[in-house]
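Structure assessment
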Number of protein chains: 2
Amino acid sequence: MHASKMAGHLIRRMNQISTHVFSQRMQAEGRDLTPVQFAALDAIIANPGIDQASVAARIAYDRATIGGVIDRLEQKGYVERTVSRRDRRAREVRATKLGQKEFDAILPIVEALQNDVLAGLNDPEKELFRTLAQKVIDYDAG
Amino acid sequence: MHASKMAGHLIRRMNQISTHVFSQRMQAEGRDLTPVQFAALDAIIANPGIDQASVAARIAYDRATIGGVIDRLEQKGYVERTVSRRDRRAREVRATKLGQKEFDAILPIVEALQNDVLAGLNDPEKELFRTLAQKVIDYDAG
DNA sequence: GGAATTTAATAAGTATAGATACTAAATAGG
DNA sequence: CCTATTTAGTATCTATACTTATTAAATTCC
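Residues numbered from 1 in each chain as written. Chains lettered and ligands numbered in written order. Predicted model: local features only at pLDDT ≥ 70, side-chain atom pairs only at ≥ 80, totals over all residues. Heavy atoms only, no water.

The name that an unreviewed UniProt entry assigns to chain A is HTH marR-type domain-containing protein, with the source organism given as Donghicola eburneus.

See below:
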């Protein structure tokens, strides 16, 4: 089998296409969020006061990477961190008003661009792809 | 739609699983090659004397990234670079004997682990997944 | 054939992505 | 209650991954 036909290569290329579509669209809309920053902000808004380790667990990142991602969200003024009173090691993360506003504006854009990521597939194929991908991920999660 | 069900997220997670399986297996076999380094070495062995820009084009990377990847392959003694006589800007890249030997040893391992990447799917589903992924990529390539 | 453009590679900068090690704080076990 | 372990976050290191800028060389084209 040639390397370019292997599952790993195909997945890497799709990830490349996906992140490229994402950043192109964000730039076109005058927004400044990466795919990972969007995923983190989504998890934070869905769970106000969540700690960083839980954000990492939810979107399947390691703690070191998520620390940097939340640093950048904080620099942009989209989230705030406060030391937890229950556990002084933990930082509770919440979206700011600006972060919520930005997320509300970006969510429909992100939803719309999902279709472009799989532009080579028709609707039933898109659905099938998502089903198969979900199976791969669920199996890995145990 | 929730973020964790979006195509971009599913693809990112699969890429994570894929690279994780790859590095785990390499480590278990006492080898030291990343997925990208393997892809680059594969392209170089298939096209001896290829220049860096062509390696980048073949495996869909930008030139800046591929420069670093080939740096590391060179450090490991797997490839050699020589200035092209036809075009003094270009560097011709070739695998060394050690690089060829290492590739021959690693290829069957990499082929075998492809199945584990899609471990959540049965054989027809694996085939279907690859077909759909190829469609997504081919459409993007134009 | 000389200027304008393009191209190969590198450099610098930002953002993942994960491994490892470290600090501080919480919890478990005896 | 005190030690041992675990856990949250940060820091450090390596490796992608892409953008923009720079240098040098090749090509275009008028």
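Don't stop here, the text continues.
Another aspect to go through is the protein's contact with DNA strand D. Residues in contact with DNA strand D amount to 24 residues; listed here are only the nearest, Ala53, Arg89 and Arg91 of chain A together with Thr34 and Tyr61 of chain B. Here, DNA strand D places atoms within 4 Å of the protein, and 67% of those atoms are sugar or phosphate. Gln16 of chain A is positioned with one of its side-chain polar atoms (N or O) 3.1 Å from a phosphate oxygen of DNA strand D. Of all elements in the fold, only α1 (7–28), α3 (52–58) and α4 (63–75) of chain A together with α2 (35–46) and α4 (63–75) of chain B reach the threshold of two or more residues within the surface near DNA strand D. With four residues, the top contributor of residues to the surface near DNA strand D is α4 of chain B. Here the surface near DNA strand D is built from residues that sort into seven nonpolar, five polar and twelve charged. (Near = heavy atom within 4 Å. Polar contact = N/O pair within 3.5 Å; in protein donor to acceptor, adjacent residues only side chain to side chain. Helix = DSSP H or I, 4+ residues; strand = E, 2+ residues; numbered from the N terminus. Nonpolar A, V, L, I, M, F, W, Y, C, P; charged D, E, K, R; others polar.)

A separate point is the sheet that holds strand β2 (residues 79–83) of chain A. All names here are of chain A. In space, the three strands of this open sheet follow the order β1-β3-β2, with antiparallel pairing throughout. Both edges of this open sheet fall to β1 (50–51) and β2, since each of them pairs with a single strand only. Note that β2 and strand β3 (residues 91–95) share five bridges and pair antiparallel. Bridging across to β3, Arg81 finds its partner in Val93. Running at roughly 115° to β2, α4 makes contact with β2 and β3 of the sheet. (Pairing = 2+ DSSP bridges. Contact = heavy atoms within 4.5 Å. Axes fitted to C-alpha atoms, helices over the stretch in contact; angles between N-to-C directions.)

On to the nonpolar core. Soluble globular proteins tend to pack their nonpolar side chains together in the buried interior. If you look at the biggest cluster of nonpolar residues, it comprises 87 residues, and the most contacted ones within it are Met14, Leu73 and Phe129 of chain A together with Met14, Leu73 and Phe129 of chain B. Every residue in contact with Leu73 of chain A, bar those within four places of it in the chain, is listed here: Leu33, Gln37, Ala40, Leu41, Ile44, Tyr78 and Val79 of chain A. (Core = buried A, V, L, I, M, F, W, Y, C linked by side-chain atoms within 4.5 Å. Buried < 20%, exposed > 50% of the residue type's maximum accessible area, 1.4 Å probe, protein only.)

For Ala60 of chain A, which is not glycine, the phi torsion reads 60° and is therefore positive. Along the chain, the position of Ala60 of chain A falls in the loop between α3 and α4.

The subject of this paragraph is the relation of the copies chain A and chain B. Aligned on chain B, chain A shows an RMSD of 0.0 Å; the corresponding rotation is 180° and the shift along the axis is 0.0 Å. Viewed as a symmetry operation, the transformation between the two copies matches a two-fold axis. (Least-squares fit on C-alpha atoms with pLDDT ≥ 70 in both.)

As a further point, take the layout of surface pockets. Empty space within the largest pocket amounts to approximately 260 Å³. If you go around the largest pocket, you meet 16 residues; those closest to its centre are Gly8, His9 and Arg12 of chain A together with Pro35 and Val36 of chain B. For the lining of the largest pocket, the secondary structure elements donating two or more residues are α1 of chain A together with α1 (7–28), α2 and α5 (97–117) of chain B. When grouped by side-chain class, the residues that make up the lining of the largest pocket number nine nonpolar, six polar and one charged. Lining the second largest pocket are 17 residues, with Ser18, Phe22 and Pro35 of chain A together with Gly8 and His9 of chain B sitting closest to its centre. Contributions of two or more residues to the lining of the second largest pocket are made by α1, α2 (35–46) and α5 (97–117) of chain A together with α1 of chain B. (1 Å grid on protein atoms, 1.4 Å probe; cavity = no way out; pocket = protein on both sides within 12 Å on 5 of 7 lines; lining within 4 Å. Points joined across faces, edges and corners; volume = space filled by probe spheres on them.)

Turning our attention to the interface of chain A and chain B. Bring the parts together and some accessible area is lost; that lost area is often taken as the interface size. Listed per partner, the contact involves 43 residues of chain A and 43 residues of chain B. With both chains or domains summed, chain A and chain B bury close to 4600 Å², and 68% of this area falls on carbon and sulfur atoms. Between Lys135 of chain B and Glu125 of chain A there is a salt bridge; the shortest N-O distance is 2.4 Å. Summed over the shared surface of chain A and chain B, the number is 13 residue pairs in polar contact (both at pLDDT 80 or more). (Buried area = accessible area lost by both parts, 1.4 Å probe. Salt bridge = Lys/Arg side-chain N within 4 Å of Asp/Glu carboxyl O.)

Before going further, it helps to spend a moment on the protein's contact with DNA strand C. Surveying the vicinity of DNA strand C reveals 24 residues, the closest of which are Thr34 and Tyr61 of chain A together with Gln16, Ala53 and Arg89 of chain B. Put simply, 73% of the atoms of DNA strand C that lie within 4 Å of the protein are in sugar or phosphate. Here a phosphate oxygen of DNA strand C and a backbone polar atom of Arg91 of chain B are 2.7 Å apart. Breaking the surface near DNA strand C down by element, the ones donating at least two residues are α2 and α4 of chain A together with α1, α3 (52–58) and α4 of chain B. Considering each element in turn, the surface near DNA strand C owes the most residues, four residues, to α4 of chain A. Considered class by class, the residues forming the surface near DNA strand C number seven nonpolar, six polar and eleven charged.

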